[in-house]
Amino acid sequence: MASSIEGRSAIVTGGGTGIGAACAARLAADGMNVTICGRTESKLTEVVDRIKSSGASGTVRHQVTDVTVEDDVAALLAGHVSTFGGLNGFVANAGGGGGMGPYHLQEAAEFMRVLQLNVMGTMLSVKHSVPHLVAAGGGSFIGMSSIAGHVTHPLFGAYCVSKAGIEEMMKNAADEYGEVGVRFNSIRPGFISTEIMEGIPRDSAVFDSYIVNTPMNGVGEPEDIGNLARFLLSDDARWITGTAIDCDGGHHLRRGPDFSSFIEPVIGHDAMVAKKPVGS
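From a predicted model like this one, the values you see are computed outputs, not experimental measurements. (Residues numbered from 1 in each chain as written. Predicted model: local features only at pLDDT ≥ 70, side-chain atom pairs only at ≥ 80, totals over all residues. Heavy atoms only, no water.)

With parallel pairing, the seven strands of this open sheet are ordered in space as β3-β2-β1-β4-β5-β6-β7. Both edges of this open sheet fall to β3 (60–64) and β7 (244–247), since each of them pairs with a single strand only. Neighbour to neighbour, the strand axes of the sheet diverge by 20° on average, direction disregarded. Contacts between helix α2 (residues 41–53) and the sheet are confined to β2 (33–38) and β3, with β3 contributing the most and set at about 175° to the helix. The strands touched by helix α7 (residues 222–233) within the sheet are β1 (9–13), β4 (89–92), β5 (139–144), β6 (182–189) and β7, with β6 carrying the most contacts at an inclination of about 165°. (Pairing = 2+ DSSP bridges. Helix = DSSP H or I, 4+ residues; strand = E, 2+ residues; numbered from the N terminus. Axes fitted to C-alpha atoms, helices over the stretch in contact; angles between N-to-C directions. Contact = heavy atoms within 4.5 Å.)

When the charged atoms of two side chains with opposite charge come close together, those side chains can pair. The final tally for this structure, using the stated rule, is nine salt bridges. Here glutamate 70 ties to lysine 127 by a salt bridge, and the two come within 2.6 Å at their closest N and O atoms. Note that glutamate 70 is positioned in helix α3 (residues 70–84) and lysine 127 in helix α4 (residues 108–135), a separation of 57 residues in sequence. Residues glutamate 110 and arginine 113 are paired through a salt bridge, measuring 2.9 Å at the closest nitrogen-oxygen approach. Of this pair, glutamate 110 and arginine 113 both sit in helix α4, three residues apart, which is roughly one turn of the helix. The class for glutamate 110 is partly exposed, based on a relative accessible area of 22%. A cluster of three or more residues bridged by salt bridges with shared partners is formed by Arg26, Asp30 and Arg230. (Salt bridge = Lys/Arg side-chain N within 4 Å of Asp/Glu carboxyl O. Buried < 20%, exposed > 50% of the residue type's maximum accessible area, 1.4 Å probe, protein only.)

Here helix α5 (residues 158–177) contains 20 residues, and its C-alpha end-to-end distance of 28 Å stays within 8% of the 28 Å for a straight helix at 1.5 Å per residue. Among the residues of α5, Ala158, Tyr159, Cys160, Ser162, Lys163, Ile166, Glu167, Met169, Met170, Ala173 and Ala174 are the ones counted as buried. Those residues of α5 hidden inside the fold are in contact with α4, β5, β6 and β7. (Expected span 1.5 Å × (residues − 1).)

It is at 10 Å that the axes of helix α1 (residues 18–29) and α2 come closest, and there the two elements cross at 30°. Classified by the interaxial angle, the pair formed by α1 and α2 is roughly parallel. In this structure, α1 crosses over α2, and the sense of that crossing is right-handed. Where α1 approaches α2, its residues Ala21, Ala24, Ala25 and Ala28 are matched on the opposing element by Val47, Arg50 and Ile51. Tallied by class, residues from the contact of α1 with α2 come to six nonpolar, no polar and one charged. (Parallel < 35°, antiparallel > 145°, perpendicular 65-115°, else oblique. Left-handed = near helix turned anticlockwise from the far one by under 90°. Nonpolar A, V, L, I, M, F, W, Y, C, P; charged D, E, K, R; others polar.)

Below, the discussion takes up the packing of α4 against α5. Running from N to C, α4 and α5 cross one another at 20°; their axes reach a closest spacing of 8 Å. On the basis of their axis angle, the class for α4 and α5 is roughly parallel. Handedness of the crossing formed by α4 with α5: right-handed. Mapping the contact onto sequence places Phe111, Val114, Leu115, Asn118, Val119, Thr122, Met123, Val126 and Val130 in α4 and Ala158, Tyr159, Val161, Ser162, Lys163, Ile166, Met169, Met170 and Tyr177 in α5. Counted by class, the contact of α4 with α5 contains 14 nonpolar, three polar and one charged residues.

Purely geometric numbers; function is a separate question.
In structure tokens form, the structure reads like this:
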């Protein structure tokens, strides 16, 4: 499989941790030249050093970038193309959540922050990468969605909405740019063992609700997502566009996790369902 991406180049946003770092490592291992970006330079340099020491045949570099700032995204593309001569793939992995709780208690500013990071960050990545992908004769763009983008996750606030927005963006972009050979797909990770998910205690009801709803009865690894991203960027996926692929051990076949044990003790059940004000 390595031959179809060897010598090509890709950008991975949110490449300083977890899934993004795993995607970059897999691509570089198979000979792709990669730029990783994020907001914390120390995390980026650590990943670059780790990939280089692994003996990867592809070159990896980093660039500090906030994907919600358009000038930063434009500079990211300029730096990558200046270094590698073009762009063949893009993994829009940067994102995050926040503001968990029922919708009637959502703070508008926090809700918008999550949408700005996940949806606008992905849109700006599309906007500034497409001309370079077209110039290269076509390419592949991956939007990082989530099981929460299509399976209900009560109390997740803006996160579910933002991930669903990414999926719809990928479908529309696939339709818009198919004629110039640029493919757009989404990946839907389930529970993946990353730094963020380490915040869920393994002896908690929330963790149990993940496991009981996963047919393969476990937790995924960042490398599972990296393997799928590598496939979607390769010629082996040349006829796949406008789709969202679950990578979750079958979790999407059942129901989302239950986070009520995190939220209810803080605000009370009646406040959660808007039967009375918080704290009354």
